[in-house]
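Below are the chains, spelled out letter by letter.
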Amino acid sequence: MLADIGFFAVVIAFLLAAYATVVSAFGGWRNRPAWVESARNAALLVFPLLTVSVIVLVYALLTLDFSLAYVADVSSRAMSPFLRATALWGGQQGSILFWAWLMSGFVAAVLLRKWRRDRDLMPYVIAVSMLTTAFFIGLVVFITNPFARLWHVFGAEDVTAAVFQPANSMPYLPDDGKGLNPLLRHFGMIGHPPTTYVGFTGFVIPFAFAIAALITRKANEDEWIRTTRRWTLVAWIFLTIGLILGGRWAYDVLGWGGFWGWDPVENAMLMPWLTGTAFLHSVMMTEKRGMLKMWNIVLILLTYSLSLFGTFITRTGVIGSVHAFGKTAMGPAFLIFIAVTFLGSVALLFNRIKTLKAEHEVESFVSREAAFLLQNMLFLVIAVAVFWGTVFPLISEAVTGTKITVGPPFFRNVTGPMFLALLVLMGMAPLFAWRRQPVRNLFRAMIAPLVASLFITAVWGYTHRMHPGSIVGLWMVAFVASAMVYEFWKGVRARMQSRQENPLAALANLIGRNHRRYGGYIIHLGVIMIALAFVGDAYFKQETQGTTAIGERLTLGNYSLQFNGLRGYPGSDGREVVEASLTLFEGERRLGELSPRRDFFIVQQQPTTIPAVYSTLGEDVYVLLVGWDGDGRSSSTFKVYINPLINWAWIGAVVMVLGTLIAAWPGDQREASYVLKAGALQPQPATGG
Amino acid sequence: MVEQPQLGAIPALIPAPKRRWFSRGGRWLAYGVLIGLLSLFAWGLIKANSGPVESGMAPDFTITGYDGRMVTLSQLRGQVVIVNFWASWCPPCREEAAYLEQTWRKYQDKGVVFIGVDWVDTEKEALAYIKEFDITYINGPDVGTRIGEAYRIQGVPETFFVAKNGELRGVHIGPLKPPQLDQKIDELLAEPYPGQ
């Protein structure tokens, strides 16, 4: 049987991963290169083996092999082949296998690179990464096995799922599967899990290097940071994409008109993202100035631990969430693994703390060092606040006996001002010089963007007078955007003057010569666009709900919607669709037709509300079909939102990906940063970086 | 290896770092916080895996009905309370709806209170459902699914039985069929309560 091949491939992969962990740690400890080499070969084999089992599972999903409990659970005849394949991560068993597979892929990729300078880190990198991989494969083998079959035990009411045939039983083959949760059938939810998993699993690489550097007492050298920079960046951008796809999915599917709800599951993803972002910035301090060495280690330990913690709370239901994940038996195992990771890495850090020494101290509050430090602090404080709010229901229940859930207002009020401070800091950071500078110079550098942003804000404020709060928000966005544009313009102008290049060539060369720095600025531009979407969401959102008869109109802002009727028809993937037909007008100008729907999935007995959206760069008109009278001939009820500027969130995401690609583009940047370090005593120009 | 030519040249600029935060006390504090957090998660895990609340004091809540009536569970001491979680989109709830209403009418003057908690629903459908089954006991939305969370329900319908003293006397998962509810109510009404 094919499923047996998949199962045995996982079992062998588990044994190899466990072998690699032990043997590489021993080889590193006793300095036996042959042992390490053997462990490396074992580690490299894990990926192809897991690939085999992933292929087997996808094949089973595609061919609807309902003898497998997992396939019967997440796949069904009514689903398209594409959806069946994505069901690989539609349920827990498949997700964990997929997760282990991705992680082993990362580890294989890192082991195949050239190990020149940092060969002595290798044994422990293998040990740490393989320990984690072995844990996840272990979950697949022992606790949540996607290759378990359905059996009918004589005398029992329910069927049981087990890998091996239980006594007194016969195989059970359902006619059809339950199929993927209807809510998950959306491009955002199809793309969200894999990108998130790549992000989460990718952080194992910098984590393993950090632990290896601590063990070998090499954490004081920056080698591990240089080696893992791109890995971190890749993990980070995937996590970012995952967050945004999740937001997009919530916006399109959950039908509450928003994209971020501060739900525990969302927070679980946000926390490692916050500390990971802080880490990406703080490593620059280490590379350029030899500072914050312990801090980096703390941040990467935190990022990785928070990724594990996030998976733990989302998958075990420790903290109640609107996201319906099934409860499982993997909670205790996960908790033990998290305890080992937390306590082990903290103990190691304390043990090696003396090896971490900063080469410089912050010399002035008006310096790029101070700005980086402040930025790092802000990220960390936000992460702590989010953590506190997420865990609070548990704490309150443990202490007082009643579960108190802190809602979105807590998170908004606590983190909002800090995010705004981060935003302003992001705009100012390029204007700061390393080490120190006269305050006068800083102001001089700030004048142009400041004037530009005040002008933009004045125009905006004049045209949108009713929202004072939005003016502040917009000023911040405009300030940072102009500071960024100004930064590009300064670089382009310098090249045009010194090398007589035309503006476009100057821009291309500017980015090409220092892609890491300008890639970073482009990422910041993306962030600004997303911030713009948040400003729109916070201040300009409008909503209404109303019941209209056929031919009548529902009005919101400048828009009105005319209800033309309702129709029902059987849809694809086993659903009954009820669709309303509406005509959208702006004033008296007809803009188009909108068809919000209510899909009822027959097998799952689950309705989903699918909004219709009229989308422009300025705003979205977002319509939900809430209900109808009887057969819908007379009237229907709609909920309508105007979501201003929301498209900038998605555009910003694309810009961020672009910026990351530029920043991570191969090319040796090492020399540039060495030069800076060596020349650190020379006064730097204000734009030096 | 990394070259750092400037390091030796300016010893005065590099004061020896002080590591006061990580004195022995600081370390124990760090371990303490970590272990505290881990035990919290362990406790949460045990709780999450223990299924719906079935015994002990019934988690208190206040619900505002669709008709504006308000009721708080803890103020109903001395009466038997039936808490039923339902939703208009849930077919099994329809199976039990008529039986629930019929039982309520039978017992409403005998010290029994029914509370319908409408879980993850929209008001319009909910009102239509209430009208369809002519439900007269209080029914209100579970705003933010707080009540469902407190009772750790797995889905709908689920019915919790609260004794006169406010303690839970079990839960029924899935639709109730005659005479399950009558039996349970008779059993709970028979319990003594001080002052009755």
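Residues numbered from 1 in each chain as written. Chains lettered and ligands numbered in written order. Predicted model: local features only at pLDDT ≥ 70, side-chain atom pairs only at ≥ 80, totals over all residues.

**Student:** Looking at this model, I keep getting lost on the overall build of chain A. Mind explaining?
**Tutor:** Summing up its helical and strand segments, chain A has 20 helices and 13 strands in all. Its C-alpha atoms give chain A principal-axis dimensions of roughly 80 × 75 × 55 Å. Taken across its 689 residues, chain A has 50% of its residues classed as buried. The contacts of chain A with a sequence gap of at least 6 include a subset with a gap of at least 24, amounting to 71%. (Helix = DSSP H or I, 4+ residues; strand = E, 2+ residues; numbered from the N terminus. Buried ≥ 20, exposed ≤ 12 C-beta atoms within 10 Å, placed from the backbone. Contact = placed C-beta atoms within 7 Å.)

**Student:** Looking at this model, I keep getting lost on the overall build of chain B. Mind explaining?
**Tutor:** Across its full length, chain B holds six helices and seven strands. Listing each helix as α and each strand as β along chain B from the N terminus yields α-α-β-β-β-α-β-α-β-α-β-β-α. Within chain B, the proportion of its 196 residues that are buried is 28%. Considering only intrachain contacts with a sequence separation of at least 6, the fraction spanning at least 24 residues in chain B is 75%.

**Student:** I keep staring at the packing of helix α18 (residues 515–539) of chain A against helix α19 (residues 647–664) of chain A and nothing clicks. Help me out?
**Tutor:** For any two helices packed against each other, the geometry comes down to the angle between their axes and how far apart the axes lie. Residues and elements named next belong to chain A. Two elements in contact, α18 and α19, have axes separated by 7 Å at closest approach and are oriented at 170°. Viewed along their axes, α18 and α19 adopt a mutual orientation that is roughly antiparallel. Residues of the contact of α18 with α19, tallied by class, amount to 18 nonpolar, seven polar and one charged. (Axes fitted to C-alpha atoms, helices over the stretch in contact; angles between N-to-C directions. Parallel < 35°, antiparallel > 145°, perpendicular 65-115°, else oblique. Nonpolar A, V, L, I, M, F, W, Y, C, P; charged D, E, K, R; others polar.)

**Student:** What am I meant to see in the sheet that holds strand β12 (residues 619–628) of chain A here?
**Tutor:** Residue and element names in this part refer to chain A. Judged by pairing direction, the sheet is antiparallel, and its four strands sit side by side in the order β4-β13-β12-β11 without closing on themselves. With one partner strand each, in any of the chains shown, β4 (542–549) and β11 (612–615) form the two edges of the open sheet. Strand-to-strand, the axes of this sheet are offset by a mean angle of 20°, without reference to chain direction. Looking at chain direction, β4 and strand β13 (residues 635–644) are connected through eight bridges and run antiparallel. Paired with Thr548 across the two strands is Ser636, which belongs to β13. (Pairing = 2+ DSSP bridges.)

**Student:** Would you mind showing me how to read helix α7 (residues 187–202) of chain A here?
**Tutor:** One full turn of an α-helix is made of 3.6 residues, so residues set three or four places apart face in the same direction. Here α7(A) contains 16 residues, and its C-alpha end-to-end distance of 22 Å stays within 8% of the 22 Å for a straight helix at 1.5 Å per residue. Counting buried positions over the 16 residues of α7(A) gives twelve, a clear majority of the element. (Expected span 1.5 Å × (residues − 1).)

**Student:** What am I meant to see in unusual backbone geometry here?
**Tutor:** With glycine set apart, most residues show a phi of negative sign, and most peptide bonds adopt trans. Unusually for a residue other than glycine, A:Leu64 sits at a positive phi of about 55°. Judged by the 16 C-beta atoms lying within 10 Å of it, A:Leu64 is partly exposed. Phi angles above zero are rare outside glycine, and B:Asp134 is one such case at about 50°. Position of B:Asp134 relative to the elements: it lies in the loop between α4 (123–132) and β5 (138–141).

**Student:** Explanation requested: the confidence of the model for chain A in the structure shown.
**Tutor:** Segments scoring low in pLDDT should not have their predicted coordinates read at a detailed level. Residue and element names in this part refer to chain A. On average, chain A scores 84 in pLDDT, and the residues at 70 or more come to 92%. The spread of mean pLDDT over the elements of chain A runs between helix α20 (residues 670–678), the lowest at 40, and helix α2 (residues 33–62), the highest at 95. Across residues 668–689, confidence stays below pLDDT 50; counting only partners more than four residues off in sequence or on other chains, it has 27 contacts. (pLDDT = per-residue confidence, 0-100.)

**Student:** Would you mind showing me how to read the packing of helix α16 (residues 468–499) of chain A against helix α17 (residues 503–513) of chain A here?
**Tutor:** Residues and elements named next belong to chain A. Packing of α16 against α17 leaves a shortest axis separation of 9 Å and a crossing angle of 115°. Judged on the interaxial angle alone, α17 and α16 are roughly perpendicular. For the pair α16 and α17, the crossing hand works out as right-handed. Residues Phe488, Gly491, Val492, Arg495 and Met496 of α16 pack against Pro503, Ala506, Leu507, Asn509 and Leu510 of α17. For the contact of α16 with α17, the per-class residue count stands at seven nonpolar, two polar and one charged. (Left-handed = near helix turned anticlockwise from the far one by under 90°.)

**Student:** Hey, could you run me through the environment of A:Ala612 in this one?
**Tutor:** Structurally, A:Ala612 is set in strand β11. The exposure class of A:Ala612 is buried, given the 22 C-beta atoms found within 10 Å.

**Student:** Mind showing me how you'd approach the sheet that holds strand β2 (residues 160–162) of chain A here?
**Tutor:** What holds strands together in a sheet is hydrogen bonding between their backbones, with the strands either parallel or antiparallel. Residue and element names in this part refer to chain A. The three strands lie next to each other as β2-β1-β3, forming an open sheet whose pairing is antiparallel. At either end of the open sheet lies a strand with only one pairing partner, and these are β2 and β3 (169–171). Direction aside, neighbouring strands of the sheet carry axes that sit 45° apart on average. Across three bridges, strand β1 (residues 149–153) lies against β2 in antiparallel orientation. Of the residues in β2, the one forming a bridge with Leu150 is Ala161.

**Student:** It is not clear to me how helix α5 (residues 92–112) of chain A should be interpreted in this structure. Could you clarify?
**Tutor:** For α5(A), which comprises 21 residues, the first-to-last C-alpha distance of 30 Å matches the rise-based estimate of 30 Å (1.5 Å per residue) to within 8%. Summarising burial for α5(A): 17 of the 21 residues are buried, a large majority.

**Student:** Would you mind going over the confidence of the model for chain B with me for this structure?
**Tutor:** All names here are of chain B. For chain B, per-residue confidence averages 81 on the pLDDT scale, and residues scoring 70 or more make up 83% of the total. Below pLDDT 50 for its whole length, residues 1–14 participates in eleven contacts with residues either more than four positions away or in separate chains. Interface confidence in the predicted complex, given as ipTM, is 0.71; pTM for the same model is 0.79.

**Student:** What should I look at first to understand the environment of A:Pro264 in this one?
**Tutor:** Its place among the elements puts A:Pro264 in helix α10 (residues 264–289). Between the C-alpha atoms of A:Pro264 and A:Leu343, which are 79 residues apart in sequence, the distance is 24 Å.

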